[in-house]
Structure formats: structure tokens, C-alpha cells
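Structural description and commentary
Here's the letter readout for the chains.
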Amino acid sequence: MSLGKDPLSSTPVFIGKSRIAQDIREFIAIASRSDAAVLLTGKTGVGKELVAKAIHYQSPRITRPFLVINPSGVPESLMESCLFGHEKGAFTGATELMRGPFEMASGGTLMIDEVGILPLSVQIKLLRAVDAKEITRIGSVMPIACNMRIIAATSEDLFAAIERGSFRNDLYFRLNCLPLQIPPISERKEDIRPLFDYYLHQAAERHKRKMGIVPDIYGYLEEYPWPGNVREIQAVTERIVLTLEGNSVEKDDVIKALNLGDRRKFLLHIKGDTVKEKLHNIEKDLYFQALKENGFDIHLTAEKEKLPLSTFRDIIKRLGLEETMRQYQKNPMQIKHGDRRNDSRTIYCSWIIGR
Ligand SMILES: Nc1ncnc2c1ncn2[C@@H]1O[C@H](COP(=O)(O)OP(=O)(O)O)[C@@H](O)[C@H]1O
Ligand SMILES: [Mg+2]
């Protein structure tokens, strides 16, 4: 769980010229006037955290802390104490008293990112914390009052999670007082230009460079789908500033920075004489990688790929992956179990240190 404290910077602004961006700025202004729970939905990099921060900074809570917690990657056994804190000696390894983010954000705003991945056992405690504005540390029976404003965020469809039975209905309605869905950048193309200009300018200043922009790059930028949303715009502008040789950003620089050139080269290098053969090989590689990441556990991989087990077994057979898997299973040293989820020490440290 990562815990990020906002630096004392000026109020963040949601940049954009689209109607949607204007509505979002309006939403921020309305939300900052109340203490009601906010639920932000949208893909990664669309600006959920920025909106949460902007609400906090425009609200009377501005002088109190703004904290973000993200339970991704935290083992279930540690999640409760990461959220609510624990008393000294509450469990093996609890050598110090630890105040949780609810206590630390008291008077301020607490953003709970990826709220959909919290297990049901923690959701019920979260509901109580939001409802009663009090929490109880692990290893204690004394409730502690916490006057925090909650902003929850999710990149998954919580409604579908409710239907699957993995998210509580009552918690959803509690968090969903002020809902905001932030569409991906590809659905508000008018925002690409101002965001690109802003982040290019920022990167140029940071690297003490002066540069102009050839206007015909914008059509190109608007065609690109930006799967990483605004975070990708930031990375691409940074790359442009670092690699630009001349003083003006042209179409070729953008293509290079978007890796489109490399991507074309990459496509040429896939094994196979026909598109059908190439697709077969890509599919085989991707499923092989997925199996490898899950220690060649077919059940686990099928679950993560959201496939019925029988369908997944058919895919393995069709792609001829059985033999490759057998070879790897004979020599397990070749298989890397890089599952950080089980490495509680890493996660715990990253939570304490922050991001
Ligand atoms: N409309 C916007 N205007 C300015 N910066 C933005 C905008 N949307 C996102 N960003 C920036 O892009 C980065 C990713 O946004 P973030 O809020 O972390 O996205 P999310 O939480 O949805 O993954 C952040 O640095 C954020 O400040
Ligand atoms: Mg985020």
C-alpha cells in the first residue's frame, strides 16, 4: 500500500478545453464545498488523483493532510493494519504502535485508490469507518474518532464487482454520493493539445531548453490512442525534450517519441510468413508469458485471464503449449516466480516509505 503525502504545492488544475474537462472543473468546485464522499472512476492516468487533490486544495480542509492509500499488491493479511493501524504487540512483528491513514488524515482528505480490490472483510470495516467516522486499531477495542473526508477511486467497474459478489452494495452507495467518471483522453481529443503543450513546456523548463512546436504535429497527436492517458503524455513530452536535437518539435520527433517507428520494426520481426501465422505466434508468446508469471498454474492463469478452465485448456492445446510447459516443469529453475504480492517485506516497506 503506498501512502503519498502531497507536497505543499499550489492548487492543482485540471487542464483541458473539452466540454468534459470543463464539467470536471465544475465538479471539483462543487465537491470542494461539501464533505460528501466522492467516487472517481476511470482508467489509469486519466487524472483521478489529480481531481482528488484539487478537491482537497479547494476545500476548507486545505490546511490539513491529503493522503493517498493504494491497496494494490498488499497481502490480505496486512491490509487491515495498513488501513486502520495497530497497537504495539497486536501481532508478531508489531513492535511499534502504528497509526493508520484514517487517523493521519483526520481533519483532511483520504483518497482510497483502487477501492475495488479491498477484500470483503476489509470493506465492512471501511463502511463502518466512513459511516461512524471512527476506526479501531488492530489489537485494541477503543474506537478513535477520525474526521476525514473520503475520496474513493477505482479503475474497474464496481457495478460488475457488485454483481460478482466481490464488492458490497452498501459500501458502494455510501461512497457514491458524488460520482465522477473520467473518460480516457481518446474520448476528449480537444484536451490533447493543451496537455501536450503544458507538459512539453514544463519538461523544457526543467531541462533548461527552449523549443518551438511545428503545428502540424497536433493532428498526429490526436490520432494516437494514448493508452496510458495523461501519464503517457508526460512521458512522451519528457522523452521529446531529452532527445530533441534541433529547436523545434516536428512530426518525426513525435513518431520517434511514441515509439511508432520501433513498433513497425517490431511487427516485421514477429515469426511467421502470413498474418495468421504471426498472430498465432504472438498469442502463443502472450499465453506462455501469462502462464510463466503464474508459476505455470493453469487454474490461476485461467482465473487471471478471466477464462473458463475448459476454454483455457483448449487454447493451450491449440497453441501447442503443452510440450513447452512440460519442459519448463522438468527444469523449474528456469521459472522465475516474481510475484511481489507474496513478498510482504517489500510491500510493507514501500508502504511505510511512501511513493
Ligand atoms: N487534466 C489534467 N491536467 C493536468 N495534469 C493532469 C490531468 N490529468 C492527469 N494529469 C496528470 O497526469 C498524471 C496522472 O494522473 P493521475 O491523477 O495520477 O491519474 P490516475 O490517478 O487516474 O491514474 C499526474 O501527474 C497528473 O497530475
Ligand atoms: Mg492513480
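Here the structure is shown first, and the text comes after it.
Attention in this report is confined to the structure presented alongside it. (Residues numbered from 1 in each chain as written. Chains lettered and ligands numbered in written order. Predicted model: local features only at pLDDT ≥ 70, side-chain atom pairs only at ≥ 80, totals over all residues.)

Let's shift gears to the nonpolar core. Core analysis: the biggest nonpolar cluster contains 62 residues, and L40, V51, F102 and I151 have the highest contact counts within it. A per-element tally of this core places helix α8 (residues 192-206) first, with six residues. Here this core spans two domains, since at least three of its residues come from each of domain 1 (2-183) and domain 2 (188-264). Look past the residues within four positions of V51 in its chain and what remains in contact with it is F14, I24, I28, L40, L180 and I182. (Core = buried A, V, L, I, M, F, W, Y, C linked by C-beta atoms within 7 Å. Buried ≥ 20, exposed ≤ 12 C-beta atoms within 10 Å, placed from the backbone. Helix = DSSP H or I, 4+ residues; strand = E, 2+ residues; numbered from the N terminus. Domains from an automatic or database assignment. Contact = placed C-beta atoms within 7 Å.)

A few words on the packing of α8 against helix α10 (residues 229-243). In the contact formed by α8 and α10, the axes pass within 8 Å of each other and the chain directions differ by 45 degrees. The angle between the axes of α8 and α10 places the two elements in the oblique class. Crossing of α8 over α10 shows right-handed handedness. Every residue of α10 that contacts α8 at L195, F196, Y199, L200, A203 and A204 is listed here: V230, I233, Q234, T237, E238, I240 and V241. Per-class residue counts for the contact of α8 with α10 are ten nonpolar, two polar and one charged. (Axes fitted to C-alpha atoms, helices over the stretch in contact; angles between N-to-C directions. Parallel < 35°, antiparallel > 145°, perpendicular 65-115°, else oblique. Left-handed = near helix turned anticlockwise from the far one by under 90°. Nonpolar A, V, L, I, M, F, W, Y, C, P; charged D, E, K, R; others polar.)

Bringing the pairing of strand β6 (residues 109-112) into the picture now. Each regular strand displays side chains that alternate between the two surfaces of the sheet. Of the two faces of β6, the one lined by T109 and M111 and the one lined by L110 and I112 are each fully buried. Both β6 and strand β9 (residues 149-154) contribute to a ladder of four bridges, which runs parallel. Bridging across to β9, L110 finds its partner in I150. (Pairing = 2+ DSSP bridges.)

This next bit is on the environment of L175. For L175, the position within the fold is in helix α7 (residues 169-175). Judged by the 26 C-beta atoms lying within 10 Å of it, L175 is buried. For the pair L175 and V115, spaced 60 residues apart in sequence, the C-alpha to C-alpha distance is 10.0 Å. The residues touching L175, leaving out its near neighbours within four places in the chain, are A37, L39, V115, I150 and A152.

Once that is clear, we can look at the site of ligand 1. Lining the immediate environment of ligand 1, one finds 15 residues, of which I15, G47, K48, E49 and V230 sit closest. Looking at the shell around ligand 1, the elements with two or more residues in it are α2 (48-58) and α10. Looking at the shell around ligand 1, its residues break down into six nonpolar, six polar and three charged. Each of domain 1 (2-183) and domain 2 (188-264) gives at least three residues to the shell around ligand 1. (Near = placed C-beta within 6 Å.)

Right, let's talk about helix α5 (residues 120-132) for a bit. For α5, built from 13 residues, the straight-helix expectation of 18 Å at 1.5 Å per residue is met to within 8% by its first-to-last C-alpha distance of 18 Å. Taken residue by residue, α5 has L126, A129 and V130 as its buried positions. For α5, the arc enclosing every buried residue in end-on projection is 90 degrees, short of the 170-degree limit, so these residues lie on one face. Along α5, exposed side chains directed more than 90 degrees from the buried face belong to L120, S121, D131 and A132. As for α5, its buried residues are in contact with α4 (101-104), β7 (134-136), β9 and α7. (Expected span 1.5 Å × (residues − 1). Arc of directions from axis to C-beta.)

In terms of burial, β9 is a largely internal element, six of the six residues being buried. Of the two faces of β9, the one holding R149, I151 and A153 and the one holding I150, A152 and T154 are both buried throughout. Two strands pair when backbone bridges link them, and strand β2 (residues 38-41) and β9 are joined in this way by four bridges, in the parallel orientation. Bridging from a neighbouring strand, L39 pairs with A152 of β9.

Here we take up unusual backbone geometry. Positive phi, close to 45 degrees, is recorded for E114, a residue that is not glycine. Mapped onto the secondary structure, E114 falls in the loop between β6 and α5. Residue E114 is classed as partly exposed on the basis of its 19 C-beta neighbours within 10 Å. For K133, which is not glycine, the phi dihedral falls at a positive 50 degrees. Note on placement: K133 falls in the loop between α5 and β7. Of the residues examined, K133 has 16 C-beta atoms within 10 Å and is grouped as partly exposed.

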